[in-house]
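Close look at the chain arrangement
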Amino acid sequence: MPVAVRVGRAAGWVSRRLGIGAGVVIGGRVTLALAPSALSRLAAGRQVVLVSGTNGKTTTSHLLAAALRTAGRVAHNATGANMPDGAVAALAADRDAPMAVLEIDELHLAAVAAAVDPAVVVLLNLSRDQLDRGSEVRAVASVLAGALAAHPRTVAVVNADDPMVVWAASQSTRASTVWVSTGGRWNGDATSCPRCGTTLRRGVNVVGSADGDLWRCRCGLARPVPEWVAAEAAAVTSDGLEIPVGLRLPGRFNMGNAVTAMAAAAQLGIEPRRAAAAMSQLPDVAGRYTIVTYRGRKLRLLLAKNPAGWAEMLGLLDEPRPLLVVVNAREPDGRDTSWLWDVPFEELTGRPVVAAGEHAADLGVRLTYAGIEHVTAADPLAAIALLPTGDVDVVANYTAFHGLRRRLIAETAGAEATT
Amino acid sequence: MSAAPDLVIGVLLPDMLGTYSDAGNAVVLAQRARWRGINAGILRITADTSPPAGCNIYLLGGGEDTAQLYAIEWLARHRALRHALSETAVTFAVCAGLQILGSTLTDMHGRCHAGLGLLDLTTAPRKRRAVGEVITRSALPQIGLLTGFENHRGATALGAGVSPLGEVLLGVGNGAAQQGRRPGRKSSSAGPSSSRAIEGAVTDRVVATYLHGPVLARNPALADHILSRVVGREFPDSHPPDVPDLQDLRRGYLSPTPQRRARFRTLLRTR
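Below is a short write-up of the structure. This is a predicted model, so every value here is computed, not measured. (Residues numbered from 1 in each chain as written. Chains lettered and ligands numbered in written order. Predicted model: local features only at pLDDT ≥ 70, side-chain atom pairs only at ≥ 80, totals over all residues.)

1. Some details on unusual backbone geometry
Residues apart from glycine generally show negative phi values, whereas peptide bonds are mostly found in trans. Residue and element names in this part refer to chain A. We note that Asp117 has phi near 45 degrees; this positive angle belongs to a residue other than glycine. Relative to the helices and strands, Asp117 resides in the loop between α6 (109-116) and β4 (120-123). Phi is positive for Arg295, close to 50 degrees, though the residue is something other than glycine. Here Arg295 shows up in the loop between β12 (291-294) and β13 (297-303). By C-beta crowding, Arg295 is classed as exposed, having 11 other C-beta atoms within 10 Å. (Helix = DSSP H or I, 4+ residues; strand = E, 2+ residues; numbered from the N terminus. Buried ≥ 20, exposed ≤ 12 C-beta atoms within 10 Å, placed from the backbone.)

2. Re the sheet that holds strand β11 (residues 201-202) of chain B
All names here are of chain B. Taking strand neighbours across the sheet as the criterion, the six strands line up as β2-β1-β3-β4-β12-β11 in an open arrangement whose pairing is mixed. With partners counted over all chains shown, the strands left at the sheet margins are β2 (40-45) and β11, one partner each. On top of the sheet, helix α7 (residues 220-231) reaches β1 (7-12), β3 (57-60), β4 (90-94) and β12 (206-209); it is set at about 155 degrees to β4, its chief contact. (Pairing = 2+ DSSP bridges. Contact = placed C-beta atoms within 7 Å. Axes fitted to C-alpha atoms, helices over the stretch in contact; angles between N-to-C directions.)

3. Focus on the environment of Leu404 of chain A
Residue and element names in this part refer to chain A. Here Leu404 lies in helix α14 (residues 398-418). Given 27 C-beta atoms within a 10 Å radius, Leu404 is considered buried. When the C-alpha positions of Leu404 and Ala383 are compared, they lie 12 Å apart, and in sequence the two are 21 residues distant.

4. Thoughts on the sheet that holds strand β14 (residues 323-326) of chain A
Think of a sheet as strands paired side by side through backbone hydrogen bonds, with each pair either parallel or antiparallel. Residue and element names in this part refer to chain A. With respect to topology, six strands assemble into an open sheet ordered β12-β13-β17-β14-β15-β16, the strand pairing being mixed. In the strand order of this sheet, the two ends are held by β12 and β16 (375-376), each with one partner. Pairing of strand β15 (residues 353-356) with β16 involves two bridges; the strand directions are parallel. From the neighbouring strand, Val354 faces β16, where its bridge partner is Val375. Docked against the sheet, helix α12 (residues 360-369) engages β14, β15 and β16, running at close to 145 degrees with respect to β15.

Encoded structure:
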């Protein structure tokens, strides 16, 4: 089996070199082709929950794993390796865990679901992400719909506020669908109906539903009545329960992730209050939201990968603290930097900003047109020195975040060693 | 309150045709107009509204197939707007926007759809999607090299009624030759250029391109060209407003990756 994984990675490398594809897709496919039974053998006899969607996969799967661990051991691809080989590695790492939580890349959900026969599939949301890979949002929704249709007995836990995933989940007759109102903020990709293409009407009062972001199309696609609603600091269920949820993770969107995790955990018999208590302990998610001390100042590290994620992260910047923004455009980030123009950088008025990263110039041009004064410095660590004193918020995209975090860990460890 | 704007930029169907952040082009146009003392405003014209026909500039962005067909039907239905696009306003169209304005559009299943018919061009699917950085030399005066990112599956053949926006130095571009123009038109000086790939389409009312990025942020000279068409004069200052990171941005995109640099240099030397 490890041979199959290695051959798969090699195929991914060849694919990238030849410019045929992104590499990851073909790599996963080759692994599964050489050892098609690896995933299903490793998953056999366990209760598996798959978490998919554009934003919140890693956070939601961490929250869900914390909730499920109150009942037993859980295998989990905690680092965010969400391709099939990541799933294989996570299941192989803990063969005795009776439960597994796997975050899965949207385009791989069908293949992984076919192998692991999941008890629950969680669909969070769909928006623009790495479009240079050639996947349009609606096409991804169709792929998710196919994955669900192949597993009619799997419980689907689906975000009722996102028309794209509602459309995906509505295309098959299901034994059970649990709708969750997460109160999503971004709808830039979903203002036209995913089913018929006309404009979605929002703010329509749908009789019998809880409060939330209501929408309906004249073709009939409409926001389902949710069983779970993410409120300010609580989960509210349709049978009248209100369960307080206090998270250490910031942001309204993380309340949405937490309530989604509670709904999924409940399917595996975890009592919501117990889930909430376990989730409230989670300090950070694979380095995201961590606070690192660097040269005497505290840096709060935030990761954003696409316009929806950036809108969420900029929304967290409540105090006008100095801000470092870091943008790369490597393959995992997407090579095309157009998305910068869908991020509401105009909101940054009134705080000192440094633009950094391998595409600092693109970011700098964007900030200038947004009317945001800033300085530009490619190296993010050098850029920090250009900010006025005080604690710093850092928002970075995928490879920029991980590159900066590695360097901060190395520098901090070095500093400790010398003192 | 501020007076009514002197220059109105209408972003058409941003709820359907915004896939590649094309509304950024409106921000660039408006800011560059304001920096020159022109009171410019941006109007988002969504599908559920009755579109105004009095904008000075209309923008059409990129979109997915379903949205594209809906947009054609919507534009054709609003006759005053369609008239404005063909007779009074300046239109800047990107990617799907370019295809929509053409005479026909063939989808992935081989079905041929009528476009808006504003541009003499036809689009059919390519075998492979064209994705990546593009560099072109603009055919418009005073603009020079254009940089952008293409991501499309259309091969667009220009008819005799439109001119290309530029010739491709890197990337795919339109992905089809121009019909009705014989190669070797500029044979004496440019030799191989006549067989070179072309990109975009231009008429006296429309500038259309496959480049996003957004393209006007990367190429302010093209933004100023569009503004000057509306204002009716060239701006004396060719790059007036100080956009501090612009030089770095253009240097980054116009000197491509090492393996491509050699090829790119060869292309430049032939000019």
